[in-house]
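Fold and geometry: a report
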Amino acid sequence: MTSALQGRSVHVWQIDAREHEADALLPLLTADETVRAGRFLRYEDRRNFILGRGLLRRLLGHYLQREAEQIRLCADQDGKPRLQDGAPLEFNLSHSGDRIVIGFSNAGAVGVDIEAMRPVPDYRRLARRLFSAAEQREIDHSEEAIKLATFFDIWTRKEAYVKMLGTGIDGDIALYDCRPGPGATLAISKGDVRVTTLRLVGHRPEPDYVSALVCDSLDANVAVFTLPAGGEVPDRDRWREMAETEGFEPSIRL
Ligand SMILES: CC(C)(COP(=O)(O)OP(=O)(O)OC[C@H]1O[C@@H](n2cnc3c(N)ncnc32)[C@H](O)[C@@H]1OP(=O)(O)O)[C@@H](O)C(=O)NCCC(=O)NCCS
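Residues numbered from 1 in each chain as written. Predicted model: local features only at pLDDT ≥ 70, side-chain atom pairs only at ≥ 80, totals over all residues.

**Looking at the site of the ligand**
Near the ligand lie 17 residues; those nearest to it are Gly79, Lys80, Ser94, Gly168 and Ile169. Elements with a minimum of two residues in the shell around the ligand: helix H3 (43-64), strand S4 (90-96) and helix H6 (147-165). The greatest single-element share of the shell around the ligand, amounting to four residues, is contributed by S4. Considering only residue class, the shell around the ligand consists of four nonpolar, seven polar and six charged. (Near = placed C-beta within 6 Å. Helix = DSSP H or I, 4+ residues; strand = E, 2+ residues; numbered from the N terminus. Nonpolar A, V, L, I, M, F, W, Y, C, P; charged D, E, K, R; others polar.)

As structure tokens, this is what we get:
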């Protein structure tokens, strides 16, 4: 199976949902997904679900050099979407507000989370329930004006971690201490025991959003892209042309 990801790489795609037409992507969804899309009560949730699944297939098609219509997804026991044929490409997606983020990796498992920062009146209580003692101290020691932002920073990296594992948010989440280490790393401990060290890509696509991606590889090349309005993934020649004429370079290369 060929993949357009070169070397050991992680690509992060940032998507502004307002710039894409959800209904145009409906034909890419399975019957089950279409039913699920119809159950959302809020317009934004329906839009984000359709765009997430549709653009995920487009981008998977790009990396696997297949038509998006040929991409078959399944879910593992805790619901993490996977490629049905087991092709060696890891991915994960997240949506919040008007933003979608999708991460792809050929260098180990990935998990992503994005959150629109919003008032959370009981964030201290949530932190006591869901965060480790050290994570709670990080909030306590941050300045009053950035306490909520610190809460979301910690939240996104923890959620990205459990999404990388595929377990999602379960009873163990409070036991994990997920703390940034030197050189864009995330050190994971459970109690006093160091579990692992991961690559961390923290990103603020807009001031009101916070996003984190974690990858089970410390040596991967990481690049962050913004999907052009309309959602066409540029092919190689077009990509080069856009890089020269429109500055379509990765916004961040780490
Ligand atoms: C999965 C979970 C972390 C999503 O969190 P969220 O903040 O609501 O949503 P996000 O936008 O960040 O992520 C949602 C996406 O993560 C992916 N996802 C779903 N389950 C996942 C899992 N277990 N691990 C990793 N990714 C998962 C999906 O792509 C999903 O979006 P989509 O359904 O629109 O394609 C959260 O719902 C959870 O932990 N649930 C508990 C596990 C669960 O109930 N599983 C269902 C049993 S089948």
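Structure shown, so let's carry the discussion forward.
**Regarding the packing of helix H2 (residues 31-39) against H3**
Packing of H2 against H3 leaves a shortest axis separation of 8 Å and a crossing angle of 160 degrees. It follows that H2 is roughly antiparallel to H3 by the angle criterion. Considering how the two elements wind past one another, H2 and H3 form a crossing that is right-handed. Contact residues: H2 offers Glu33, Arg36 and Ala37, while H3 offers Arg46, Phe49, Ile50 and Arg53. For the contact of H2 with H3, the per-class residue count stands at three nonpolar, no polar and four charged. (Axes fitted to C-alpha atoms, helices over the stretch in contact; angles between N-to-C directions. Parallel < 35°, antiparallel > 145°, perpendicular 65-115°, else oblique. Left-handed = near helix turned anticlockwise from the far one by under 90°. Contact = placed C-beta atoms within 7 Å.)

**Concerning the sheet that holds strand S6 (residues 110-116)**
Taken together, five strands build an open sheet; the order of strands is S6-S10-S9-S8-S7 and the sheet is antiparallel. In the strand order of this sheet, the two ends are held by S6 and strand S7 (176-181), each with one partner. Shown here is a sheet whose adjacent strand axes are inclined to one another by a mean of 30 degrees, direction ignored. In terms of strand pairing, strand S9 (residues 193-203) meets strand S10 (residues 209-215) through five bridges, oriented antiparallel. Note that in S10 the partner of Gly202 across the bridge is Ala212. (Pairing = 2+ DSSP bridges.)

**Concerning the pairing of strand S5 (residues 99-105)**
One face of the sheet, then the other: side chains in a regular strand alternate in exactly this way. Taking burial as the measure, the seven residues of S5 include seven buried ones, the bulk of the element. Every second residue of S5 is oriented toward a common face, with Arg99, Val101, Gly103 and Ser105 on one face and Ile100, Ile102 and Phe104 on the other, all of them buried. Of the pairings in the sheet, the one linking strand S1 (residues 9-16) to S5 comprises seven bridges and is antiparallel in character. The residue bridging Val12 from the neighbouring strand is Gly103, located in S5. Sheet topology places S4 next to S5; seven bridges connect them, and they run antiparallel. (Buried ≥ 20, exposed ≤ 12 C-beta atoms within 10 Å, placed from the backbone.)

**Focus: the pairing of S4**
Of all seven residues that make up S4, seven are buried, and the element is covered over most of its length. Residues of S4 alternate between two faces, with Glu90, Asn92, Ser94 and Ser96 on one and Phe91, Leu93 and His95 on the opposite face, all of them buried. Between the antiparallel neighbours S4 and S5 lie two residues, among them Gly97 with a positive phi of about 60 degrees.

**Points about the environment of Asp113**
Tracing the backbone through its elements, the reader meets Asp113 in strand S6. Between the C-alpha atoms of Asp113 and Lys163, which are 50 residues apart in sequence, the distance is 8.0 Å. Look past the residues within four positions of Asp113 in its chain and what remains in contact with it is Ser94, Thr156, Glu159, Ala160, Lys163, Ser211 and Ala212.

**Considering unusual backbone geometry**
Of note in this structure, Gln65 is not a glycine but carries a positive phi near 55 degrees. Overall, the presence of 10 C-beta atoms within 10 Å leaves Gln65 in the exposed class.

**Looking at the environment of Ala17**
Structurally, the position occupied by Ala17 is in the loop between S1 and helix H1 (22-25). Distance from Ala17 to Val233, taken between C-alpha atoms, is 15 Å for residues 216 residues apart in sequence.

**Things to note about the environment of Ser217**
Along the polypeptide, Ser217 turns up in the loop between S10 and strand S11 (221-226). Given 20 C-beta atoms within 10 Å, Ser217 falls into the buried group. For the pair Ser217 and Asn92, spaced 125 residues apart in sequence, the C-alpha separation works out to 15 Å.

**A word on the packing of helix H5 (residues 133-141) against H6**
In a pair of packed helices, the angle between the axes and the distance between the axes together describe the arrangement. H6 packs onto H5 with a crossing angle of 155 degrees between their chain directions and a minimal axis gap of 8 Å. Of the possible angle classes, the one that applies to H5 and H6 is roughly antiparallel. In this structure, H5 crosses over H6, and the sense of that crossing is right-handed. Where H5 abuts H6, its residues Glu135, Glu138 and Ile139 lie against Lys147, Thr150, Phe151 and Ile154. Its residues placed into classes, the contact of H5 with H6 shows three nonpolar, one polar and three charged.

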